[in-house]
Amino acid sequence: LNAAAFQLALRAAAALHCQIPSVTRWDRKQYYYPDLPKGYQISQYDQPLARNGYLAIDDPQGRFAAKRVGIIRAHLEEDAGKSMHDELLGKADSRIDLNRAGTPLLEIVSAPDMNSPLEARTYLSELKLLLTYLGVSDCNMQEGSLRVDANINLHVTTREGQVATPIVEVKNMNSFRAVERALAYEADRQFRQWQQSGHTLGEVPKQTRGWDDQQEITKAQRSKEESSDYRYFPDPDLAPAITTAEQIREIGGGLGELPAALRQRLQDQYQLSAYDADVLVNQGQKLVDFFLEVANDCGDPKQASNWIQRDLLRYLKEHGRNAPLPVTSGRLAELIRAVNAGRLDSTRAREVFAHMVEHQTGLVAGMAALGIREVGEDQVRELCRDLLAANPQIVEDVRQGKLKAISALIGQARQRNPNVNPNLVRETCLRLIEESAG
Amino acid sequence: VNLLDHSATELLRLLASRDVTAVELCHACLVQIEQHDAAIGAFIRVDRVGALQMAEAIDHRRAVGYPVGRLAGLPVAVKDILCARGGPTTCGSRMLEDFISPYDATVVERLKEADAILIGKTNLDEFAMGSSTETSAFGITRNPWNLACVPGGSSGGSAACVASRMVPLAIGTDTGGSIRQPAACCGVVGLKPTYGRVSRYGLVAFASSLDQAGPLARTVEDTALLLEVLAGHDSRDSTSACAEVPPYATTVRQPLDRLRLGIIREHFAEGLEREVEAAVREAMRVFESLGAECIDVSLPHSKYGIATYYIIAPSEASSNLARYDGAHYGYRTDQTAMMKELLDERRGALEAGMGLDGPLVRMYCRSRSEGFGAEVKRRIMLGTYALSAGYYDAYYLKASKVRRLIRQDYEAAFTQVDLVAGPVMPTAAFRIGERTGDPLAMYLGDLYTVTTNLAGVAGLSLPCGLTAEGLPIGLHLQARPFDEERLLRAAYMYQQATDWHTRSPSS
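Treat the numbers as computed from the prediction; the structure is a model and nothing was measured.

1. A word on the overall build of chain A
- Each helix and strand in chain A was counted, giving 15 helices and 16 strands.
- For a compact globule of 438 residues, the expected C-alpha radius of gyration is about 22 Å, and chain A comes in at 30 Å, more than 25% above that figure.
- Here the C-alpha coordinates of chain A stretch approximately 95 × 55 × 45 Å along the principal axes.
- Among the 438 residues that make up chain A, the fraction classed as buried is 43%.
- Positive and negative side-chain charges of chain A, numbering 53 and 59 respectively, have mean locations separated by a distance of 2 Å.

So, in structure tokens, the structure goes:
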């Protein structure tokens, strides 16, 4: 037995609030298929390692009410190989990739508690986030380390009461977005199908359909050439695994701070909005840690959050989510402090940030490289006097109450000296105009 | 005395003192094999060149004073169901005729670490399914005591080559008696260790919850020595036990004080041949003369042993052998012929309006039909049936419950006595072909041995007499789990007091 895989599965089970039985065992699920080299899959049949848990989901935008999605069971099994069927042009070529055969796989079965494609997508996102926080999996769907099969049917209200449409299992979805779209498509298709055929749950066998991402439709899949009698029996090569109450307590205590708790803490301790907390936490542990460092260092969580969401996330979007962070938390905190102290205006601050990122430098070097020197108040006053003298029309406009006219002066000031703080220029000009009037 | 009449323990002494070289010993074994194995058929393959090279290397290391392993220079034969890297492991089956093992079984690895000479792979019933070594795809093995008789099985090759002095030591495997029964038939010592005592890694699985590899030798001392080398935990087998390994080779010579020996009442019931019973009862008297107390004990569920075994073992076998499907390795049917057959049948089926299975299912069916022999197919069908939906509870589940009762029988007996004793099999070796048409008669021969595996305890077979016809009779001793030490000490006491183990087929 792969002890590390078992430990990770128990972590996931504990984080999903599951009951973890003291004894769990593995069974052989037997069928013939070329991607299954042993002729059976080691799986768990009637004694899975976890049962009866839940995962809470919520939508900060309020599109659905917060709820708990039940977890019926979670079990650890081995992956089969990958079959690729090429049936184009009448060929019957099949290729088998056995590289992933035998690797541990945790199957998590949720209860039918989701009532919309959005809820399903949110559940998946939250589950993925939880599993990445726990270090259970990198959950990379493209590489197959997270896969989703979704079961869906409709409950249609008719004059005679509610009827349920036959359940369909949808496979082949390679992103959460695809899951959401496939389910939306399938809901629509099932409604039309029901209107046409009138078939309800139990009247036709369960169907498996594959999502076609190009055409954005689901298609009925060919069923495997196998009988449905899997002849499960306990795997005699693997001893049952015993988990003591103490071990379960230890696992529960060692989970660390999980996404839901972290979101709450960012709101309570750092006064972030629910939305901001959600965005940061959803980016993963690494980014949250970075935020906490910056916020604690500069003392302005709101600005820390803004900088991360606006500038850092854009960088990560361009360079890949797993790219190393381009700036240290200390340097970003220093930048925020400089802005808050009025030493930099926000426009120039972003130029400095871009430079710091590009050249891996700090604030001082960045400012120096961009030729930013702080401009003294005397200098600003002198500059403003010159500008006012040269622009009597603007002075007149301002006196008439058109305060917006001052913007033109700010532009001119920046042309003469790019380092002047625009706010300071505005205030100084207004004060001078006032003084001259007095 | 002929060199090959020496026990392994004596040979080790001669090798250590350099009175004999490993090459001389290996050569003597190869000559003996050459002279007798054409008639007996104990080996599927003999690695002459490899064995002599290994022997030469050991001699060289001894000559320069380099440390050598526990079995340095001793030729050992290995049943052809244990993987040895770089060579074929056929399991006596067409299915694996061309299979080259890419790794060593732990048992083989430990033999290599002990500097044993791996001289060849021995014949067996196909996938160890049988009690006569008649179901091998590569020919039968004959009993060295009487070439018209079977050597027992399934480790018949291993027992026969030890009995006929081709090698001093051999490895067998025992799922329902496959070490002990051929040991009894061939007049040698065979030990089925406690389940979990010896790693199953690299032992091609027949019934995973019952299989166990173990030693065959001519003396108990040699058996103890070989077990000491084989036993111990292995992280690659999750059913291998973490229990400590006692120094069997040393403690085996210590006699047991006031041994309490349980005589299994059910093993002396109807069906036991009188000559066999007489020899076993005489062995009990020998033990009494050595200070042992013989106590009548009962294993009340013994009568369900065969039925239980022939549900559990085939069930597991049907699953373990599913991997031989022609898709990945092992025998695959001739695909050109298959496709032609399919096309021909398709025409007929179209006309008759019948469905037809596709090439994949056809390939599975043909490969398995052609690659497996009759006995293996019989057990696959038995097991598949027993595990099928609707039958599982009545067969597999029920058998699992009876298995627990059988284990409890042993536990109860071992509260009264140290070891239990009886015959290994109801008869001596039977004639070749006598039972091949009657599987039930063949299965019933395992009556006394299958419960050992079902209970997971240790069992040992040692020679205790000869029939009037001159065929060996085996005494069966069984011990608590992981009590091989006591088992071996008792058996050694017996051999010290008797000379059955010194008899040879040629004398």
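Moving on from the coordinates now.
2. Topic: the overall build of chain B
- Per the secondary structure count, chain B includes 17 helices and eleven strands.
- For 507 residues, the compact-globule formula gives about 23 Å, and the C-alpha radius of gyration of chain B, at 23 Å, lands near that figure.
- When the accessible area of chain B is evaluated, it comes to approximately 18600 Å², of which 53% is carbon and sulfur surface.
- For chain B, the separation between the mean place of its 51 positive charges and that of its 59 negative charges on side chains is 3 Å.

3. Re the state of the cysteines
Residues and elements named next belong to chain B.
- Scanning the entire structure with this criterion turns up zero disulfides over all chains.
- In this model Cys-26 remains outside any disulfide bridge; the closest cysteine sulfur is found in Cys-29, 6.6 Å from its own.
- For Cys-29, a relative accessible area of 0% puts it in the buried group.

4. Details of the nonpolar core
- If you look at the biggest cluster of nonpolar residues, it comprises 160 residues, and the most contacted ones within it are Phe43(B), Leu71(B), Leu111(B) and Phe127(B).
- When neighbours within four sequence positions are excluded, Phe127(B) is seen to be in contact with Ile81(B), Cys91(B), Ser93(B), Met95(B), Leu96(B), Val204(B), Phe206(B), Leu321(B), Tyr324(B), Phe372(B) and Val376(B).
- Counting residues in hydrophobic clusters, the runner-up holds 52 residues, among them Ala14(A), Ile42(A), Val69(A) and Leu238(A).

5. Considering the interface of chain B and chain A
- Listed per partner, the contact involves 26 residues of chain B and 22 residues of chain A.
- Summing both sides of the interface, chain B and chain A together bury roughly 1900 Å²; the carbon and sulfur share of this comes to 53%.
- Inspection of the region where chain B meets chain A yields one salt bridge.
- Across the salt bridge formed by Arg200(B) and Asp237(A), the nearest N and O atoms sit 3.0 Å from each other.
- Summed over the shared surface of chain B and chain A, the number is twelve residue pairs in polar contact (both at pLDDT 80 or more).
- Counting only elements with at least two residues in the side of chain B that touches chain A, the list comes to α10 (305–320), α12 (359–371) and α13 (374–387) of chain B.
- It is α10(B) that contributes the most residues to the side of chain B that touches chain A, five residues altogether.
- In terms of residue class, the side of chain B that touches chain A is built from nine nonpolar, twelve polar and five charged.

6. Things to note about the sheet that holds strand β5 (residues 67–78) of chain A
Residues and elements named next belong to chain A.
- Spatially, the three strands line up as an open sheet ordered β4-β5-β8, and their pairing is antiparallel. Single-partner strands in this sheet number two, and they are β4 (50–57) and β8 (104–110). For this sheet, the mean inter-axis angle between neighbouring strands, taken without regard to orientation, is 35°.
- The sheet contact formed by β4 and β5 spans seven bridges and is antiparallel. By the bridge assignment, Ile-57 is partnered in β5 with Lys-67.
- Sheet strands touched by helix α2 (residues 117–134): β4, β5 and β8. Its angle to β4, the strand with the most contacts, is close to 110°.

7. Concerning helix α1 (residues 8–16) of chain B
Residue and element names in this part refer to chain B.
- When α1 is considered as a whole, its buried residues turn out to be Ala-8, Thr-9, Leu-11, Leu-12 and Leu-15. When α1 is viewed along its axis, its buried side chains cluster within an angular range of 160° and face the same direction.
- Looking one or two residues beyond α1, the residue adopting positive phi is Arg-18, at roughly 60°.

8. Details of the pairing of strand β13 (residues 207–212) of chain A
All names here are of chain A.
- Two strands pair when backbone bridges link them, and strand β12 (residues 168–171) and β13 are joined in this way by four bridges, in the parallel orientation. Bridge pairing in β13 links Val-170 to Arg-209.
- The handedness of the β12 to β13 crossover, carried by helix α3 (residues 176–197), is left-handed.
- Sheet topology note: the β13/strand β14 (residues 217–220) ladder contains four bridges and is antiparallel.

9. Observations regarding the packing of aromatic side chains
Residues and elements named next belong to chain B.
- Using the criterion set out here, one finds 24 aromatic pairs over all chains in the structure.
- Counting every residue linked through ring pairs, the aromatic cluster contains Phe-99, Phe-127, Tyr-324, Tyr-329 and Phe-372.
- Across the ring face of Phe-268, the terminal group of Arg-281 is positioned such that the distance to the ring centre comes to 4.3 Å.

10. Some details on helix α11 (residues 335–352) of chain B
Residue and element names in this part refer to chain B.
- Between its terminal C-alpha atoms α11 stretches 25 Å, which fits the 26 Å expected from 18 residues at 1.5 Å a residue.
- Residues of α11 that are buried sit in contact with α12.
- One side-chain oxygen at the N-terminal end of α11 lies 3.0 Å from the backbone nitrogen of Thr-336; it belongs to Asp-334.
- One or two steps after α11, the chain reaches Gly-353, where phi turns positive at roughly 70°.

11. A closer look at the pattern of salt bridges
Residues and elements named next belong to chain A.
- Under the criterion given, the structure shown has 59 salt bridges over all chains.
- With its nearest N and O atoms 3.3 Å apart, the salt bridge here joins Glu-169 to Lys-171.
- Under the relative-accessibility criterion, Lys-171 is labelled partly exposed at 25%.
- Arg-337 is the salt-bridge partner of Asp-297, the closest N and O atoms lying 2.8 Å from each other.

12. What about a positive patch on the surface?
- A surface patch of positive charge is lined by Lys398(B), Lys401(B), Arg404(B) and Arg407(B).
- Within the secondary structure layout, Lys401(B) lies in helix α14 (residues 393–416).

13. Some points on unusual backbone geometry
- With an omega of 10°, the peptide bond between Gly153(B) and Ser154(B) qualifies as cis.
- Here Ser154(B) shows up in the loop between β3 (117–122) and α5 (156–163).
- A positive phi angle, near 45°, is found at Arg231(A), a position not held by glycine.
- Here Arg231(A) lies in the loop between β14 and β15 (233–234).
- By relative accessible area, which is 13% here, Arg231(A) ends up buried.
- The backbone phi angle of Asp115(B) is positive, close to 65°, even though this residue is not glycine.

14. What about the packing of helix α12 (residues 377–390) of chain A against helix α14 (residues 406–416) of chain A?
Residues and elements named next belong to chain A.
- One way to put it is that α12 packs onto α14 with a least axis distance of 10 Å and a crossing angle of 125°. For the element pair α12 / α14, the angle class is oblique. In this structure, α12 crosses over α14, and the sense of that crossing is right-handed. Across the interface between the two elements, Leu-383, Asp-386, Leu-387 and Leu-388 from α12 touch Leu-409, Gln-412, Ala-413 and Arg-416 from α14.
- In terms of residue class, the contact of α12 with α14 is built from five nonpolar, one polar and two charged.

15. Remarks on the sheet that holds strand β9 (residues 419–423) of chain B
Residues and elements named next belong to chain B.
- With respect to topology, eleven strands assemble into an open sheet ordered β1-β3-β2-β4-β6-β5-β10-β11-β9-β7-β8, the strand pairing being mixed. In the strand order of this sheet, the two ends are held by β1 (43–46) and β8 (293–297), each with one partner. Direction aside, the axes of adjacent strands within the sheet are offset by 25° on average.
- In the packing of helix α2 (residues 22–40) onto the sheet, the strands contacted are β1, β2 (75–79) and β3, and the crossing angle to β3 comes to about 20°.

Parameters at a glance
- Residues numbered from 1 in each chain as written.
- Chains lettered and ligands numbered in written order.
- Predicted model: local features only at pLDDT ≥ 70, side-chain atom pairs only at ≥ 80, totals over all residues.
- Heavy atoms only, no water.
- Helix = DSSP H or I, 4+ residues; strand = E, 2+ residues; numbered from the N terminus.
- Rg over C-alpha atoms; globule rule 2.2 N^0.38 Å.
- Buried < 20%, exposed > 50% of the residue type's maximum accessible area, 1.4 Å probe, protein only.
- Lys, Arg positive; Asp, Glu negative; His and termini not counted.
- Charge placed at Lys NZ, Arg CZ, Asp CG, Glu CD.
- Areas by Shrake-Rupley, 256 points an atom, 1.4 Å probe, with all protein chains shown as cover.
- Disulfide = S-S within 2.5 Å.
- Core = buried A, V, L, I, M, F, W, Y, C linked by side-chain atoms within 4.5 Å.
- Contact = heavy atoms within 4.5 Å.
- Buried area = accessible area lost by both parts, 1.4 Å probe.
- Salt bridge = Lys/Arg side-chain N within 4 Å of Asp/Glu carboxyl O.
- Polar contact = N/O pair within 3.5 Å; in protein donor to acceptor, adjacent residues only side chain to side chain.
- Nonpolar A, V, L, I, M, F, W, Y, C, P; charged D, E, K, R; others polar.
- Pairing = 2+ DSSP bridges.
- Axes fitted to C-alpha atoms, helices over the stretch in contact; angles between N-to-C directions.
- Arc of directions from axis to C-beta.
- Right-handed = clockwise from strand over helix to strand, strands pointing away.
- Phe/Tyr/Trp six-rings, centres within 6.5 Å; stacked < 30°, edge-to-face > 60°.
- Lys NZ or Arg CZ within 6 Å of the ring centre and 35° of its normal.
- Expected span 1.5 Å × (residues − 1).
- Patch = residues over 30% accessible without salt bridge, like charges linked within 9 Å, V, L, I, M, F, W, Y side chains within 5 Å.
- Parallel < 35°, antiparallel > 145°, perpendicular 65-115°, else oblique.
- Left-handed = near helix turned anticlockwise from the far one by under 90°.

That is the geometry; function is a separate question.
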